[in-house]
Amino acid sequence: MKTRIFLFIGILLLGSYSGICREIAGNKAIIREGTINIASSPDIYNLAIKWAGEFGRLNPKLNLIVTKIPEGGTAALKPGSGLGFISRESDPAMKALASWNMVVARDVMVPFINTKNPFMAEISRKGISMAAFAQILKNPDHITWGALLGNGKNIPVHFYIMDDPSVKSALAGYVKANPATINAKSLETGSALITAIRNDPNAVGFCKLAAIMDVNNQNLAENITFLPIDKNGNGTIDYLEKIYENPQTFSRGVWIGKYPKALSGNIYAVAAGQPANENETAFLTWVLTDGQRYLNQQGFNDLVYSERQSQMDKLYFTPVTALQSTYSGSDILKVALLILIALVVIGSIVDIILRPGKKAIPGLTGTPGQVPQPFDENSVILPKGLYYDKTHIWAFMENDGSVKVGVDDFMQHITGPVTRVEMKNPGEKVKKGERLLTIIRNGKQLNLYAPLTGTITEYNNSLALNSSLLNAAPYTDGWVYKIEPTNWLRDIQFLTMAETYKTWLKDELLRLKDFFTAVFTEHTPEYATLVLQDGGNLTDGILADLDPKVWEDFQTKFIDTAK
């Protein structure tokens, strides 16, 4: 218990301290006369020049000097010697010398097609795998859409690529080929590439994402859309790969790892140590905020808002002693006062934590004195003989022909103890896919959907008096309705039995991890490590004590998408 309390206090102190520092160094930044030395790798030199120029225009007291590092050269970054901007592909020696780094932008290469492509529906469903791209590059003059999609259509694929070494290098890295072997029609500009694809519905283009963005509305250029990539090569764009709806969803997907790493890379600000110079800190703060608007112009992509916030925390995580030499006496007094207030708040929180039955950090704490239990496919009880729906409702036909339904054990492992259940009345008709019931925990609710069509003949009155039955005995005393089915034989074609359902749950748990990784990263970055995409376990009742906004996201992005 003490370890958990100290962990929680540590998280709060870090958050409070970074917020305090951000308030002082960000909102009250005082730019003093001086010089900022910036070393830049060649491929992002123009971006560094643009950032330095715009920030210098806003702060004429500053002299920002940008130096291009020669190809294969080395920049000696020493404490206090300045900043560097590097990409994933350039100047590894410089990166090795930089003990501190912060992501400031992203460089993403994307395939795209005409929205009028004759196979649009099939492409959206299946996507294009790495093997398919390799086929295109190996024989671009003879490959057909039939060969890529397996539909037998003898329509040629025309492949265009931007004449940019970094674009060709990224594509070659993705398909594991030599860049010199890429034989495609090269065009010098993004506008020329867009025009070529607009004039050819059967074509595929490949370039930097920024090249096909409309900077006026932050959407893709007219009549242009993403060509989805089947990252896992299973022949379908499954839930974990559905990131191609719009540029914003796509950018978020890239950030949390849903896009091939070979086709995306970070742009870093680097330094020999934690930046302490207030001018450098102010400049990097600007780069993460107003400076993001210049990225598209230079062929790069801005960070999603929540990622900017997490990088800002990294920028302002500095030792307390640094305040003594950097800020004035009034600022130190303000910091001390804010820390004192924070300690009072923390003391109250610790008092709450120590009271029996209270929880402080979702996913970290459990019953006092007990270690929280992990949640995986082996935790879920799945009785045989029942039918299961992908919206996590089970169904069983009784001897009298009525169908008893309830909530499966998987859902109660997510929500934790349910405090109320809203049910329909006997005589009401329900249709498959419509709202069947609402489960509520302390005012936060989720709607669950009907696995069949029929008329409710009875509801479980015991749930109205004791909703915890839904958790304690989901398949027996915690049943919800009896329904007279309209077409049971048709409805069960869309349901699965226990063994098949258990196999499906493995993918569902991956989808669940992906959801919580994205949500925690956006809302509460300090909890993101609880549900890593690669490894790590979910904890029982992980949704229980999260705020209503997360419950709403879970409804729309997890439950509703499975209907």
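The paragraphs below set out a description of the structure included in this document. Starting afresh in each chain, residues are numbered from 1 along the sequence in its written order. Predicted model: local features are reported for residues with pLDDT of at least 70 only, side-chain atom pairs are reported and counted for 80 or more only, and whole-chain, interface and lining totals are derived from all residues. In computing side-chain properties, one takes all heavy atoms of the structure into account and sets aside hydrogens as well as water.

Re the overall build of the protein
Thinking step 1. When you go through the protein residue by residue, the secondary structure sums to 19 helices and 22 strands.
Thinking step 2. The buried share among the 563 residues of the protein stands at 50%.
Thinking step 3. Of all intrachain contacts in the protein linking residues separated by at least 6 positions in sequence, the fraction that spans at least 24 positions is 73%.
Thinking step 4. Note on areas: Shrake-Rupley with a 1.4 Å probe; residue coverage comes only from the protein chains shown. Approximately 26100 Å² of the protein is accessible, and the part contributed by carbon and sulfur atoms is 53%. Helix and strand definitions follow DSSP, with helices as H or I runs of at least four residues and strands as E runs of at least two, each counted in order from the N terminus. Working definition: with a 1.4 Å probe on protein chains only, accessible area under 20% of the residue-type maximum means buried, over 50% means exposed, and in between means partly exposed. Note on definitions: a residue-residue contact is assigned when non-hydrogen atoms from the two residues lie within 4.5 Å.

Details of the packing of helix α5 (residues 130-138) against helix α7 (residues 165-175)
Thinking step 1. Every angle, taken between N-to-C directions, lies between 0 and 180 degrees, and every axis is a line fitted to C-alpha atoms, over only the stretch in contact when it is a helix. As a packed pair, α5 and α7 sit with axes 9 Å apart at the nearest point and diverge in direction by 120 degrees. By the criterion of interaxial angle, the relationship of α5 to α7 is oblique. In terms of crossing hand, the pair formed by α5 and α7 is left-handed. Facing Met130, Phe133, Ala134 and Leu137 of α5, the residues of α7 in contact are Leu171, Tyr174 and Val175. With respect to orientation, any angle under 35 degrees is reported as roughly parallel, any angle over 145 as roughly antiparallel, any angle of 65 to 115 as roughly perpendicular, and every other angle as oblique. Working rule for handedness: look at the near helix, and if it is turned counterclockwise from the far one by less than a right angle, call the crossing left-handed; if clockwise, right-handed.

A short note on the packing of aromatic side chains
Thinking step 1. Classification of ring pairs uses Phe, Tyr and Trp, with its six-membered ring standing for Trp, and accepts pairs whose centres are within 6.5 Å; under 30 degrees between planes counts as stacked, over 60 as edge-to-face, and the remaining range as tilted. Under the criterion given, the structure shown has 22 aromatic pairs.
Thinking step 2. When the ring of Phe226 is compared with that of Phe250, the centres are 4.6 Å apart and the planes differ by 25 degrees; the resulting orientation is stacked. Of this pair, Phe226 sits in strand β10 (residues 224-226) while Phe250 sits in helix α9 (residues 247-255), and the two are 24 residues apart along the sequence.
Thinking step 3. The class for Phe226 is buried, based on a relative accessible area of 4%.
Thinking step 4. Take Phe250: its relative accessible area is 0%, and that puts it in the buried class.
Thinking step 5. In this structure an aromatic cluster arises from ring pairing among Trp51, Phe55, Phe85, Phe283, Trp286 and Tyr294.

Some words on the sheet that holds strand β15 (residues 403-407)
Thinking step 1. One open sheet accounts for six strands, arranged β13-β14-β15-β21-β20-β17; its pairing is antiparallel. Each edge of the open sheet carries a strand with a single partner, namely β13 (387-388) and β17 (429-430).
Thinking step 2. The criterion for strand pairing is that DSSP finds at least two bridges linking the strands in question. Sheet analysis places β15 next to strand β21 (residues 481-485), joined by three bridges and oriented antiparallel. Within β21, the residue paired with Lys404 across the bridge is Lys482.

Some thoughts on the sheet that holds strand β18 (residues 435-441)
Thinking step 1. Ordered in space as β16-β18-β19, the three strands form an open sheet in which the pairing is antiparallel. Each having just a single partner strand, β16 (420-423) and β19 (444-449) make up the two edges of the open sheet. Looking at each pair of strands side by side, their axes are set apart by 20 degrees on average, direction ignored.
Thinking step 2. Both β16 and β18 contribute to a ladder of four bridges, which runs antiparallel. Bridge pairing in β18 places Met423 opposite Leu437.
Thinking step 3. Sitting on the sheet, helix α19 (residues 548-559) touches β18 and β19, and the angle it makes with β19 is about 15 degrees.

Notes on the environment of Thr236
Thinking step 1. Its location among the elements puts Thr236 in the loop between β10 and α9.
Thinking step 2. When neighbours within four sequence positions are excluded, Thr236 is seen to be in contact with Arg125, Lys126, Asp230 and Glu241.

Brief notes about the packing of helix α2 (residues 45-58) against helix α10 (residues 278-288)
Thinking step 1. Across the interface, α2 lies against α10 with an axial gap of 11 Å and an inter-helix angle of 115 degrees. The angle between the axes of α2 and α10 places the two elements in the roughly perpendicular class. Considering only the axes of α2 and α10, their crossing is right-handed. Side by side, α2 and α10 meet where Trp51, Ala52, Glu54, Phe55 and Leu58 of the first sit next to Ala282, Phe283, Trp286 and Val287 of the second.
Thinking step 2. For this classification, the nonpolar set comprises Ala, Val, Leu, Ile, Met, Phe, Trp, Tyr, Cys and Pro, the charged set comprises Asp, Glu, Lys and Arg, and every other residue, Gly included, is treated as polar. Here the residues of the contact of α2 with α10 are counted per class, giving eight nonpolar, no polar and one charged.

Observations concerning the pairing of strand β7 (residues 203-208)
Thinking step 1. Burial runs high along β7: six of the six residues are buried.
Thinking step 2. Note: strand β4 (residues 100-114) against β7, five bridges, orientation antiparallel. Along β7, the bridge assignment pairs Pro111 with Phe206.
Thinking step 3. Bridge count for strand β5 (residues 158-162) against β7 is four bridges, and the pairing is parallel. Within the sheet, the bridge partner assigned to Phe159 lies in β7 and is Val204.

Remarks on unusual backbone geometry
A negative phi angle characterises most non-glycine residues, just as the trans form characterises most peptide bonds.
Thinking step 1. Although it is not a glycine, Asn223 sits at a positive phi angle of roughly 70 degrees.
Thinking step 2. Note that Asn223 resides in the loop between β9 (219-220) and β10.
Thinking step 3. In this structure, His392 is a non-glycine residue whose phi angle is positive, near 70 degrees.

Side note on the nonpolar core
Thinking step 1. In this structure, Leu437, Leu512 and Phe554 are the most contacted members of the largest nonpolar core, which totals 54 residues.
Thinking step 2. Counting residues per element, this core draws most heavily on helix α18 (residues 498-523), which supplies eight residues.
Thinking step 3. Not counting residues within four places of it along the chain, the set of residues in contact with Phe554 comprises Met411, Ile414, Leu446, Leu512, Phe515, Leu543 and Ile559.
Thinking step 4. Take the buried residues of types Ala, Val, Leu, Ile, Met, Phe, Trp, Tyr and Cys, join any two whose side-chain atoms come within 4.5 Å, and each joined set is a nonpolar core. Among the nonpolar cores identified, the runner-up in size contains 52 residues, and Ile128, Leu148, Ala172 and Ile182 belong to it.

Some thoughts on the pairing of strand β20 (residues 454-459)
Thinking step 1. Across two bridges, β17 lies against β20 in antiparallel orientation. Residue pairing across strands places Lys429 opposite Thr455, the latter belonging to β20.
Thinking step 2. Here β20 pairs with β21 via five bridges, running antiparallel. Within β21, the residue paired with Thr455 across the bridge is Glu484.

So, the side chain of Ser402
Thinking step 1. Considering the arrangement of structural elements, one finds Ser402 in the loop between β14 (393-397) and β15.
Thinking step 2. Definition of a polar contact: a pair of N or O atoms within 3.5 Å, with one able to donate and the other able to accept a hydrogen when the atoms are protein atoms, and with sequence-neighbouring residues admitted only if both atoms are side-chain atoms. Separated by 2.7 Å, the side chains of Ser402 and Asp400 make a polar contact.
Thinking step 3. For Ser402, the contacting residues outside a window of four places in its chain are Phe396, Met397, Lys482, Ile483 and Pro485.

Let's talk about the pattern of salt bridges
Thinking step 1. Here a salt bridge means any side-chain nitrogen of Lys or Arg lying within 4 Å of a carboxyl oxygen belonging to Asp or Glu. Applying the stated rule across the entire model yields 15 salt bridges.
Thinking step 2. When the shortest N-O distance is used, the salt bridge between Arg57 and Glu54 registers 2.8 Å. One end of the pair, Arg57, and the other, Glu54, are both in helix α2, three residues apart, so they sit about a helical turn from each other.
Thinking step 3. Accessibility expressed as a relative area gives 55% for Arg57, which makes it exposed.
Thinking step 4. For Glu54, a relative accessible area of 13% translates into the label buried.

Bear in mind that shape data such as this cannot, by itself, settle questions of function.
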